[in-house]
Amino acid sequence: MGKLPHSLRSAKLLLPFHKPPPSPSPPSPSPPLSQSPSPPESSVFFRSPLKKPKKPSKTPRGTLNASPPPPQQHVFRSPLLSDAIATFDAHVASSPSLDPTSLLQSFCNAGASPADALSFLRHISPSLAPGRAAFHVLLGHTCLHPSAPDPAAVLDLMSDNGSPPDAASADLAVRALCSADRLDDACVLLRDRLASVADRFTYNFLVRRFARYRPISTAYALIKELRGAGLQPDLVTYTNLIDAVCRGRNLREATRLLGKLADAGFKPDCYVYNVIMKGYCMVDQYGEVMEVYNRMKDEGIKPDLVTYNTLVYGLSKAGMLSQAKKFLDVMADMGHFPDVVTYTSLMNGMCRKGDALGALKLLEEMEEKGCTPNECTYNTMLMGLCKAKCLDKGIQLYQEMIAKAMKLENPTYATFVRALCRANKIAEAYEVFDYAIDSKSLTDVTAYMALENSLKWLNKAKV
């Protein structure tokens with residue numbers, strides 16, 4: 001029903017140069033006016049259109065007289081090295097101002113292999129003198145291929161051409177290798193070739209990847225190796241480790257790392273404590289959550305909104321609603337006002353206690369205070385109302401969900417359909433099934449299985 005507060009997330013690597021340009025698609029002919037489709041028929045049971053008409057896009061200021069960007073120079077259509085060299089040799093004499101970075105990026109986008117891209121760069125180097133940006137294109141393209149050779153050849157070529165690898169080169173290579181699931185290659189490359197130029201951002205990114213997707217012992221071994229190369233862990237490193245062990249529900253190890261963090265001369269911040277509090281919520285140790293909160297106050301660390309939302313979530317899930325509601329006033333006194341996560345956590349706890357109507361009043365209070373509920377809020381309330389046998393209220397809430405084009409979560413859908421079938425509202429249950437499919441809330445199989453199980457129960461009850 002409710003969801004955990006915000007947690008650490010890793011961003012995906014964005015390297016636009018390795019993606020081929022989209023092929024233009026022919027425009028679809030518009031249908032004649034006499035054959036224009038008619039609007040769908042409205043159903044008797046709270047049916048409304050799922051798609052809203054798109055508003056016309058507004059032109060940004062200052063762009064009315066702006067010229068379109070220039071087209072990419074000499075886009076290669078073939079991934080063959082011979083074709084690329086022939087095209088380049090045919091244009092180099094007539095166009096002396098060619099951009100080597102754009103040329104190499106175009107060749108990589110055409111599907112060239114890393115070896116051919118390296119050979120092409122060597123071919124154009126005497127004529128165009130590529131800079132560091134061109135080598136970064138080649139480095140990223142090489143690292144992104146799982147079957148590509150060691151990128152050391154690209155690093156050697158950079159040094160031979162007067163552009164030795166820097167911190168940006170190290171970060172690009174490590175992130176590209178990790179995106180290609182080559183964590184071991186990234187570790188070797190950073191340790192043997194790039195340790196002297198890599199910064200803490202690259203170091204912590206690699207440690208985070210190992211801690212998230214490998215056993216925690218491999219992350220410890222990586223830190224030990226990189227220490228020998230002169231890279232020392234910092235507060236972010238320990239935070240990544242603590243987050244990884246908390247995700248694995250190993251709170252004892254998290255406590256040990258917290259002690260090591262202090263021994264290394266770092267003071268835990270609010271973010272570290274939020275991660276540990278979230279970990280205790282995952283293992284339903286809500287007394288420990290309060291102890292962590294009190295420890296924060298004793299050490300003079302000011303809690304933030306995530307801290308209070310974690311507290312409210314944990315206390316509400318444990319059924320300690322009176323204590324959870326007290327933190328609403330504490331939040332206001334500290335300058336943090338309840339948001340949708342706070343209210344949804346409280347509603348989740350109230351529904352668990354059987355007070356779905358009280359949670360419905362809290363939803364109205366939430367909207368009056370200008371806090372807009374989201375899909376999680378509505379799914380939590382709909383499930384709570386169905387379990388409390390307030391089906392009429394649940395139907396009204398479901399109508400609002402349809403009007404706002406919200407999706408149904410799997411547990412909410414199954415609970416709602418089961419409640420409708422038990423109330424002998426079979427036609428309505430089928431329409432909820434149709435909405436779940438049309439809104440892409442669930443797959444066909446998942447939605448059908450829940451409906452079939454509810455109908456089987458109804459047939460058994462009639463016997």
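Residues numbered from 1 in each chain as written. Predicted model: local features only at pLDDT ≥ 70, side-chain atom pairs only at ≥ 80, totals over all residues. Heavy atoms only, no water.

Draft legend 1. Region of the structure containing a positive patch on the surface. A grouping of Arg352, Lys387, Lys389, Arg418 and Arg422 is seen on the molecular surface, where their side chains present a positively charged patch. Within the element layout of this structure, Arg418 appears in helix α20 (residues 410–422). (Patch = residues over 30% accessible without salt bridge, like charges linked within 9 Å, V, L, I, M, F, W, Y side chains within 5 Å. Areas by Shrake-Rupley, 256 points an atom, 1.4 Å probe, with all protein chains shown as cover. Salt bridge = Lys/Arg side-chain N within 4 Å of Asp/Glu carboxyl O. Lys, Arg positive; Asp, Glu negative; His and termini not counted. Charge placed at Lys NZ, Arg CZ, Asp CG, Glu CD. Helix = DSSP H or I, 4+ residues; strand = E, 2+ residues; numbered from the N terminus.)

Draft legend 2. Spotlight on the UniProt feature "repeat: PPR" (unreviewed entry) in the chain. What UniProt calls "repeat: PPR" (unreviewed entry) maps, in this numbering, to residues 199–233, 234–268, 269–303, 304–338, 339–373 and 374–408. Between the C-alpha atoms that bound residues 374–408 there is a distance of 12 Å. The span itself is 74% helix and 0% strand. (UniProt positions renumbered as here; feature names shortened; annotations may be inferred.)

Draft legend 3. Geometry of unusual backbone geometry. Within the chain, Asp181 stands out as a residue other than glycine whose phi angle is a positive 60°. Mapped onto the fold, Asp181 is located in the loop between α6 (167–179) and α7 (183–192). Within the chain, Asp284 stands out as a residue other than glycine whose phi angle is a positive 60°. Topologically, Asp284 is positioned in the loop between α12 (270–282) and α13 (286–298).

Draft legend 4. Spatial organisation of the pattern of salt bridges. Counting across every chain of the model gives 16 salt bridges. Two residues, Arg214 and Asp184, come together in a salt bridge whose shortest N-O distance is 3.2 Å. In this pair, Arg214 sits in the loop between α8 (200–213) and α9 (216–228) while Asp184 sits in helix α7, placing the two residues 30 residues apart along the sequence. Its relative accessible area of 45% is what places Asp184 among the partly exposed residues. The residue Glu365 makes a salt bridge to Lys369 at a minimum N-O spacing of 3.1 Å. Salt bridges sharing common partners tie together Arg212, Asp243, Arg247 and Lys278. (Buried < 20%, exposed > 50% of the residue type's maximum accessible area, 1.4 Å probe, protein only.)

Draft legend 5. Inspection of a nonpolar patch on the surface at higher detail. Taken together, the side chains of Val445, Tyr448 and Met449 present a nonpolar region at the surface, about 310 Å² in accessible area. With a relative accessible area of 46%, Tyr448 lands in the partly exposed category.

Draft legend 6. Focus on helix α5 (residues 152–160). Burial in α5 covers these residues: Ala152, Val154, Leu155, Leu157 and Met158. Along its buried surface, α5 packs onto α3 (114–128), α4 (132–143), α6 and α7. Positive backbone phi, approximately 80°, marks Gly162, located one or two places after α5. (Contact = heavy atoms within 4.5 Å.)

Draft legend 7. Region of interest: the nonpolar core. Core analysis: the largest hydrophobic core is formed by 130 residues, its most contacted members being Phe120, Leu206, Ile242, Ile276, Met381, Tyr413 and Phe416. For this core, the element with the highest residue contribution is α12, accounting for eight residues. If near-sequence neighbours (up to four positions away) are discounted, Phe120 is found in contact with Phe76, Leu81, Ala84, Ile85, Phe88, Leu103, Leu104 and Phe107. (Core = buried A, V, L, I, M, F, W, Y, C linked by side-chain atoms within 4.5 Å.)

Draft legend 8. Inspection of the packing of aromatic side chains at higher detail. Taken as a whole and assessed by the stated rule, the structure comprises ten aromatic pairs. Considering the side-chain rings of Tyr293 and Phe327, the 5.5 Å spacing of their centres and the 80° angle between planes classify their relative orientation as edge-to-face. Of this pair, Tyr293 sits in helix α13 while Phe327 is found in helix α15 (residues 321–333), placing the two residues 34 residues apart along the sequence. With respect to class, Tyr293 is no different from Phe327; both count as buried. In this arrangement the basic side chain of Arg422 is found over the ring face of Trp457, its NZ or CZ atom lying 4.3 Å from the centre. (Phe/Tyr/Trp six-rings, centres within 6.5 Å; stacked < 30°, edge-to-face > 60°. Lys NZ or Arg CZ within 6 Å of the ring centre and 35° of its normal.)

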